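Read off the chains here:
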Amino acid sequence: QVQLAESGGGLVSTGNSLRLSCAASGRTFSSATVGWFRQAPGKEREFVAQMSYTGGSTYYADSVRGRFTISRGNTRNTVYLQMNSLKPEDTAVYYCAARWRLTTVLLSSTQYDSWGQGTQVTVSS
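Okay, so let's go over this structure. Since the model is a prediction, treat every value here as computed from it, not as a measurement.

Some remarks on the overall build of the chain
Working step 1: When its secondary structure is counted, the chain shows 0 helices and 11 strands.
Working step 2: The linear arrangement of helices and strands in the chain, starting from the amino end, is β-β-β-β-β-β-β-β-β-β-β.
Working step 3: In summary, the chain has a C-alpha radius of gyration of 13 Å against a globular reference of 14 Å for 125 residues, a match within 12%.
Working step 4: Over its C-alpha atoms, taken along the principal directions, the chain stretches across nearly 40 × 30 × 25 Å.
Working step 5: Relative to its 125 residues, the chain shows a buried fraction of 45%.
Working step 6: For the chain, the proportion of contacts with a sequence separation of at least 24, taken over those separated by at least 6, is 60%.

Structure, rendered in structure tokens:
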């Protein structure tokens, strides 16, 4: 059974950084497209970042471009989301998702096959 697990969330002050991890079990990301989404209280889930695991196709939401970086880990079952210069509006539950095929186009949330349970990120002002 394929599972995704996020970790690395927490409470930080404005301007600080966090690194989220997404770990896959039961399968590796070697031929996958991995995305990060977030959902703030009372709001819909929104796209944050996406990468094709083999590289070459990376997308970011305008609200995080230049501050967040999605990247591969040292093992084929880990993807990171480095979040710098955090703002209170970044407060949300962050989810990783995987589509178990490589793609070069931006995916909608409905096109992902697997989702993690989420990790809370809270940025205080």
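Next comes the rest of the write-up.
Here we look at the nonpolar core
The tendency in soluble globular proteins is for nonpolar side chains to be buried as a group.
Working step 1: If you look at the biggest cluster of nonpolar residues, it comprises 36 residues, and the most contacted ones within it are Phe29, Trp36, Leu81, Met83 and Tyr94.
Working step 2: Among the elements of the structure, strand 3 (18-25), strand 4 (33-39), strand 5 (46-52), strand 7 (68-72), strand 8 (78-83), strand 9 (92-99) and strand 11 (119-124) are those that each provide at least two residues to this core.
Working step 3: Top contributing element to this core by residue count: strand 9, with 5 residues.
Working step 4: Excluding its chain neighbours within four sequence positions, the residues that come into contact with Phe29 are Leu4, Cys22, Ala24, Val34, Tyr53, Arg76, Asn77, Thr78, Val79, Ala98 and Trp100.

With respect to the pattern of salt bridges
Where charged atoms from two side chains of opposite charge come close, those side chains can pair.
Working step 1: Taken as a whole, this structure holds 4 salt bridges when the rule is applied.
Working step 2: For Glu46, the salt bridge identified is with Arg38, shortest N-O distance 2.6 Å.
Working step 3: For Glu46, a relative accessible area of 36% gives the class partly exposed.
Working step 4: A salt bridge links Asp62 to Arg65, with the nearest nitrogen and oxygen atoms 2.6 Å apart.
Working step 5: On the basis of relative accessible area, Asp62 is assigned to the exposed category, the value being 67%.
Working step 6: On the accessibility criterion, Arg65 (48% relative accessible area) is partly exposed.
Working step 7: Taken together, the shared-partner salt bridges connect Arg38, Glu46, Arg67 and Asp90 into one network.

Examining unusual backbone geometry
Working step 1: In the Ramachandran plot, Ser85 falls in the positive-phi region, its phi being about 50° despite a non-glycine side chain.
Working step 2: Along the chain, the position of Ser85 falls in the loop between strand 8 and strand 9.
Working step 3: Judged by relative accessible area, Ser85 falls into the partly exposed class, the value being 41%.

Quick notes on the rules
- Residues numbered from 1 in each chain as written.
- Predicted model: local features only at pLDDT ≥ 70, side-chain atom pairs only at ≥ 80, totals over all residues.
- Heavy atoms only, no water.
- Helix = DSSP H or I, 4+ residues; strand = E, 2+ residues; numbered from the N terminus.
- Rg over C-alpha atoms; globule rule 2.2 N^0.38 Å.
- Buried < 20%, exposed > 50% of the residue type's maximum accessible area, 1.4 Å probe, protein only.
- Contact = heavy atoms within 4.5 Å.
- Core = buried A, V, L, I, M, F, W, Y, C linked by side-chain atoms within 4.5 Å.
- Salt bridge = Lys/Arg side-chain N within 4 Å of Asp/Glu carboxyl O.

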